[in-house]
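# Analysis of the macromolecular model
Residue-level listing of the chains:
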Amino acid sequence: RKQAAVAAGALEAAVDAFRWHANNSAVQAAACGALRILCIGTDEASGSRRQRAATAGAVEHVVAALLAHPADALLQEQGCGALCNLCRGVDAASFARRQCAASAGAASAITAAMRDHLPSAEVAANACAALRNLCLGKDAEGQARKQAGVDEGALEALMDAMAEHLHDALVQECAFGALGNLCSGTSPAALDNRLRAVRVGALRAVVEGMRVHAGSPTVHEDGRYALRQLVAGPPELRSEALAAGAEASLLE
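Residues numbered from 1 in each chain as written. Predicted model: local features only at pLDDT ≥ 70, side-chain atom pairs only at ≥ 80, totals over all residues. Heavy atoms only, no water.

This brings us to the overall build of the chain. Looking only at helices and strands, one finds 16 helices and zero strands in the chain. Since a compact globule built from 252 residues should have a radius of gyration of about 18 Å, the 18 Å found for the chain is in line with a globular shape. Viewed in the frame of its principal axes, the chain has a C-alpha envelope of about 55 × 35 × 30 Å. In the chain, which comprises 252 residues, the proportion classed as buried is 50%. (Helix = DSSP H or I, 4+ residues; strand = E, 2+ residues; numbered from the N terminus. Rg over C-alpha atoms; globule rule 2.2 N^0.38 Å. Buried < 20%, exposed > 50% of the residue type's maximum accessible area, 1.4 Å probe, protein only.)

What follows is the structure, encoded as structure tokens:
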């Protein structure tokens, strides 16, 4: 059904809605929702849909909608969900979409959504997932995207979301993934980001989230990923993780 909709021009219609109704947050939210649904998936066809959407200008329009309508919780939820899916993938095209989103101000938009709609688990989960996908990457552009997120206060926003939604497994899982990506890397800047994350309580937050959701394999997997990124570097980071209650086996 997604392919049939795309063949009929649904992606381009959604982008046209952004252009024609820039001041109507309800229309913008609906367009974001349509893109979120049409761009979901992990198969080859979904990758083609994401790229077709990007070619039509979807990435820039979604970010612009998020920035233009910060008070609309539904738009923020759907827009972050759309960005999450548009930035999905590991091929060259997906990294170009990430860079396009970053250039449009995605780090600022996503962080603001988390901060301004803290009580909403739906906004938190989608924003964390969008940040996770945006900040994937090991090259200089990837590090710049991570740094943009950190500079916008994403680490602190993640801590607030994890505390506010401690009992929501999806929020914890997506936040762990975002935290791990933000803190990954071998550069001095990456180490600074890890130290900043530890200072704002990331180690204890991850350990607590894993404890509360001990029965969830996906939360456990993403929590372990976050912990391993957080302790990469000076031995004292590992010591702090152990002091925060992390099991030694999770840090290997």
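On to the packing of helix α8 (residues 106-116) against helix α9 (residues 121-134). Across the interface, α8 lies against α9 with an axial gap of 9 Å and an inter-helix angle of 155°. Our classification of the angle between α8 and α9 gives roughly antiparallel. The two elements α8 and α9 meet at a crossing, and its hand is left-handed. Seen from α8, the contacting residues are Ala106, Ala107, Ile110, Ala113 and Met114; seen from α9, they are Val123, Ala127, Cys128, Ala130, Leu131 and Leu134. When grouped by side-chain class, the residues that make up the contact of α8 with α9 number eleven nonpolar, no polar and no charged. (Axes fitted to C-alpha atoms, helices over the stretch in contact; angles between N-to-C directions. Parallel < 35°, antiparallel > 145°, perpendicular 65-115°, else oblique. Left-handed = near helix turned anticlockwise from the far one by under 90°. Contact = heavy atoms within 4.5 Å. Nonpolar A, V, L, I, M, F, W, Y, C, P; charged D, E, K, R; others polar.)

Going through the model one piece at a time under the given rule, you end up with zero aromatic pairs. Above the face of the Phe95 ring, Arg98 is positioned so that its terminal group lies 4.5 Å from the ring centre. (Phe/Tyr/Trp six-rings, centres within 6.5 Å; stacked < 30°, edge-to-face > 60°. Lys NZ or Arg CZ within 6 Å of the ring centre and 35° of its normal.)

Here we take up the nonpolar core. In this structure, Leu83, Leu158 and Leu179 are the most contacted members of the largest nonpolar core, which totals 76 residues. When residues of this core are assigned to their parent elements, the largest contribution, seven residues, is made by α9. Leave out the neighbours within four places in its chain, and Leu179 touches Leu155, Leu158, Met159, Ala197, Ala202, Val206, Ala226 and Leu230. Ala121, Ala125, Ala161 and Val171 belong to the second-largest nonpolar core, a separate cluster that totals five residues. (Core = buried A, V, L, I, M, F, W, Y, C linked by side-chain atoms within 4.5 Å.)

What follows concerns the pattern of salt bridges. Going through the model one piece at a time under the given rule, you end up with five salt bridges. When the shortest N-O distance is used, the salt bridge between Glu156 and Arg196 registers 3.0 Å. In this pair, Glu156 sits in helix α11 (residues 154-164) while Arg196 sits in helix α13 (residues 188-199), placing the two residues 40 residues apart along the sequence. Judged by relative accessible area, which is 25%, Arg196 ranks as partly exposed. When the shortest N-O distance is used, the salt bridge between Arg238 and Glu252 registers 3.0 Å. Here Glu252 lies in the segment after α16 (235-243) and Arg238 lies in helix α16, a separation of 14 residues in the sequence. (Salt bridge = Lys/Arg side-chain N within 4 Å of Asp/Glu carboxyl O.)

Turning our attention to the layout of surface pockets. Taken as a whole, the largest pocket holds about 230 Å³ of empty space. Taken together, Arg98, Arg132, Asn133, Leu136, Gly177, Asn181, Glu221, Asp222 and Tyr225 make up the lining of the largest pocket. Sorting the residues of the lining of the largest pocket by element identifies α9, α12 (169-182) and α15 (217-230) as the ones contributing at least two each. Here the element with the most residues in the lining of the largest pocket is α15; it accounts for three residues. For the lining of the largest pocket, the residue count by class is two nonpolar, three polar and four charged. (1 Å grid on protein atoms, 1.4 Å probe; cavity = no way out; pocket = protein on both sides within 12 Å on 5 of 7 lines; lining within 4 Å. Points joined across faces, edges and corners; volume = space filled by probe spheres on them.)

With that settled, consider α8. The element α8 is extensively covered by neighbouring structure, given that eight of its eleven residues are classed as buried. Considered for burial, the residues of α8 that qualify are Ala106, Ala107, Ala109, Ile110, Thr111, Ala112, Ala113 and Met114. Those residues of α8 hidden inside the fold are in contact with α5 (58-68), α6 (73-86), α7 (92-104), α9, α10 (140-151) and α11.

The next point concerns the state of the cysteines. Applying the stated criterion to the full structure yields zero disulfides. Among the cysteines around Cys135, which has no disulfide bond, Cys87 carries the closest sulfur, lying 9.4 Å off. With no disulfide partner, Cys183 has as its closest neighbouring cysteine sulfur the one in Cys135, 9.9 Å distant. (Disulfide = S-S within 2.5 Å.)

At a closest axis distance of 10 Å, the pairing of α11 and α12 adopts a crossing angle of 160°. Comparing the axis directions of α11 and α12 gives the class roughly antiparallel. Crossing angle aside, the handedness with which α11 passes α12 is left-handed. Residues Ala154, Leu155, Leu158, Met159, Ala161 and Met162 of α11 lie in contact with α12, whose contacting residues are Val171, Gln172, Ala175, Phe176, Ala178, Leu179 and Leu182. Across the contact of α11 with α12, the residue classes break down as twelve nonpolar, one polar and no charged.

Any link to function would need more than the numbers given here.
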